[in-house]
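Residue-level structural notes
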Amino acid sequence: MKTIDLVVPCYNEEDVLHMFFEETNKVILTIPDYQFRYIFVDDGSRDNTLSILMELAEKHDNVKYISFSRNFGKEAGIYAGLKYSQGDYVIVMDADLQHPPALFPAMLQGINEGYDCCAAMRTSRKGESKIRSAFSRTFYRLSNRLTNVDLVQGAVDYRIMTRQMVNSVLDMSERQRFSKGIFAWVGYKTKWIPYENVERPLGTTKWSFLGLFKYAVSGITGFSVAPLRMVTFMGSLISIGAFIYIIITIAHTLVSGIDVPGYATTLCAVLFLGGILELSIGILGEYIANIYMEVKERPIFILKNTNIDLIAHNEFERDKISSL
Ligand code: UDP
Ligand code: MG
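1. Focus on the overall build of the chain
- A count of helices and strands for the chain gives eleven helices and eight strands.
- Taking 2.2 N^0.38 as the reference for a compact globule, 324 residues should give roughly 20 Å; the C-alpha atoms of the chain span a radius of gyration of 25 Å, well beyond that estimate.
- Seen along its three principal axes, the alpha-carbon backbone of the chain occupies a region of about 90 × 45 × 35 Å.
- Out of the 324 residues belonging to the chain, those deemed buried represent 42%.
- Taking the intrachain contacts of the chain between residues at least 6 apart in sequence as the baseline, contacts between residues at least 24 apart amount to 81%.
- Summed over all atoms, the accessible surface of the chain reaches about 17900 Å², with 60% contributed by carbon and sulfur.
- Put simply, the chain has 33 plus and 35 minus side-chain charges, and the middle of one group is 3 Å from the middle of the other.

Encoded structure:
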């Protein structure tokens, strides 16, 4: 029997976990041809998420959990879940039931049709603010123009992947992880399954506006050096303009003498160039920051507690495990 691991990152999800487990189990019962296993990743939750997970694990053999030493972010949660998964297929999904488990059969059908991956795609942005939707649309447009990975509008981190694709995703060991980009970058044949956006039944979203903005910037800088080229291009354009203006000014001075008034022109030029310089330094800074974070090679997550047999998983040497 083929096995499927469900990787579920959870951060402060005590309100919704029981409901998630019940709802998902209902769907799993309708798919007897596969053996399902849960891998919950507690991303340093400050509520009772971990104790609920331990309780579930105690009652159900197919529930595994991984708990981090602090909050490392959803991306780290997905990475850890994939790393400890062993199933023939892996499904990545949110804990808040915004990723309806009812899509499992459609996803498996895609796999049976020969796709390497079946991913869910929201057809509406119901329940989301207009501003947030507008920013998100702009991000997709910008990102697809600037990067060489094609992000699908409305794609969410809810998908099933073959073991082969999971291994490719794990081979991308970068620290600043942008899953949407990584999933697109590794390639493979993906089938898109549209679904209506579902609102969170309980709990609240963990995203702040600033958080989303940073996420968008890291998405673009992680997959493209186009912004750097843009700086070069802008610089060239301004230099050409400046050169022409210098020639005009010199010629004008030679013909009609020195023109004293020039306050407005000077001020505009200084402010304009100042702005462009700051922007360019900022863009350079983003890339330098990325390099800085990558060269440190810090672990993507720190494991504190788990019921997965790490020795069997070949992940840790025996002497190291005693400290866990
Ligand atoms: N999540 C996480 N770590 C975080 C933030 C979120 O593991 O630092 C999990 C969260 O528990 C949920 C999923 O990521 O299962 C999506 O989070 P959320 O619902 O807040 O995001 P949204 O659906 O609003 O994009
Ligand atoms: Mg959500």
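2. Regarding the pattern of salt bridges
- Using the criterion set out here, one finds seven salt bridges in the structure.
- A salt bridge links D5 to R37; its shortest N-O distance comes to 3.1 Å. Of this pair, D5 sits in strand β1 (residues 2-10) while R37 sits in strand β2 (residues 34-42), placing them 32 residues apart in sequence.
- Classification of D5 as buried rests on a relative accessible area of 2%.
- The residue E113 makes a salt bridge to K191 at a minimum N-O spacing of 3.0 Å. Taken as a pair, E113 in the loop between α4 (104-112) and β5 (117-122) and K191 in strand β7 (residues 190-195) lie far apart in primary sequence, 78 residues in all.
- Owing to a relative accessible area of 41%, E113 belongs among the partly exposed residues under this scheme.
- Ionic contacts of the salt-bridge type, sharing partners, join the residues K74, D94, D157 and K180 into one network.

3. Here we look at the environment of M54
- For M54, the location among the structural elements is in helix α2 (residues 49-59).
- Between the C-alpha atom of M54 and that of I66, which follows or precedes it by twelve residues, the distance is 9.9 Å.
- With sequence-adjacent residues up to four places away left out, M54 is seen in contact with Y65 and N305.

4. Considerations on the coordination of the magnesium ion (ligand 2)
- In the first shell of the magnesium ion (ligand 2), the protein supplies D96 (OD) and Q98 (OE1), at 1.8 to 1.9 Å from the metal.
- For Q98, a relative accessible area of 22% gives the class partly exposed.

5. Concerning a nonpolar patch on the surface
- Taken together, the side chains of I246, I250, L254 and V255 make up a nonpolar region of the molecular surface, amounting to roughly 450 Å² of accessible area.
- With respect to the secondary-structure elements, L254 resides in helix α9 (residues 226-256).

6. Regarding helix α8 (residues 209-223)
- Here α8 contains 15 residues, and its C-alpha end-to-end distance of 22 Å stays within 8% of the 21 Å for a straight helix at 1.5 Å per residue.
- Within α8 the residues assigned to the buried category are Y215, A216, G219, I220, T221 and F223.
- Buried positions along α8 lie against α3 (74-83), α5 (130-146), β6 (155-162), α7 (179-185), α9 and α10 (263-295).

7. Regarding the side chain of S67
- Relative to the helices and strands, S67 is located in strand β3 (residues 63-68).
- Relative accessible area serves as the criterion here: at 3%, S67 is assigned to the buried category.
- Among residues more than four places away in sequence, those in contact with S67 are D42, L50, I302, L303, K304 and N305.

8. Section: the packing of helix α1 (residues 17-29) against α2
- Two numbers describe how α1 lies on α2: the axes approach to 10 Å, and their chain directions differ by 35 degrees. Here L17, H18 and F21 of α1 come into contact with α2, specifically with T49, I52, L53, E55 and L56.
- Here the contact of α1 with α2 is built from residues that sort into five nonpolar, two polar and one charged.

9. Points about the pairing of β5
- Across the six residues that make up β5, a large majority, five, are buried.
- Both β5 and β6 contribute to a ladder of four bridges, which runs antiparallel. Each residue of the ladder has a partner; that of C117, found in β6, is M161.
- Here β5 runs beside β7; their pairing, made up of six bridges, is parallel. Considered in β7, the bridge of A119 is made with W192.

10. Considerations on empty space enclosed by the protein
- Within the structure shown, the criterion is met by one cavity of 30 Å³ or more.
- The volume enclosed by the largest cavity comes to roughly 30 Å³.
- Contributing to the lining of the largest cavity are I78, Y79, L82, V169, R177, S179 and F183.
- Listed by contribution, the elements that provide at least two residues to the lining of the largest cavity are α3 and α7.
- The element contributing the most residues to the lining of the largest cavity is α3, with three residues.
- Partitioned by chemical class, the residues of the lining of the largest cavity number five nonpolar, one polar and one charged.

Cut-offs and rules
Residues numbered from 1 in each chain as written. Chains lettered and ligands numbered in written order. Predicted model: local features only at pLDDT ≥ 70, side-chain atom pairs only at ≥ 80, totals over all residues. Heavy atoms only, no water. Helix = DSSP H or I, 4+ residues; strand = E, 2+ residues; numbered from the N terminus. Rg over C-alpha atoms; globule rule 2.2 N^0.38 Å. Buried < 20%, exposed > 50% of the residue type's maximum accessible area, 1.4 Å probe, protein only. Contact = heavy atoms within 4.5 Å. Areas by Shrake-Rupley, 256 points an atom, 1.4 Å probe, with all protein chains shown as cover. Lys, Arg positive; Asp, Glu negative; His and termini not counted. Charge placed at Lys NZ, Arg CZ, Asp CG, Glu CD. Salt bridge = Lys/Arg side-chain N within 4 Å of Asp/Glu carboxyl O. Donors = N, O, S within 2.8 Å, 3.2 Å for Na, K, Ca; no water. Patch = residues over 30% accessible without salt bridge, like charges linked within 9 Å, V, L, I, M, F, W, Y side chains within 5 Å. Expected span 1.5 Å × (residues − 1). Axes fitted to C-alpha atoms, helices over the stretch in contact; angles between N-to-C directions. Nonpolar A, V, L, I, M, F, W, Y, C, P; charged D, E, K, R; others polar. Pairing = 2+ DSSP bridges. 1 Å grid on protein atoms, 1.4 Å probe; cavity = no way out; pocket = protein on both sides within 12 Å on 5 of 7 lines; lining within 4 Å. Points joined across faces, edges and corners; volume = space filled by probe spheres on them.

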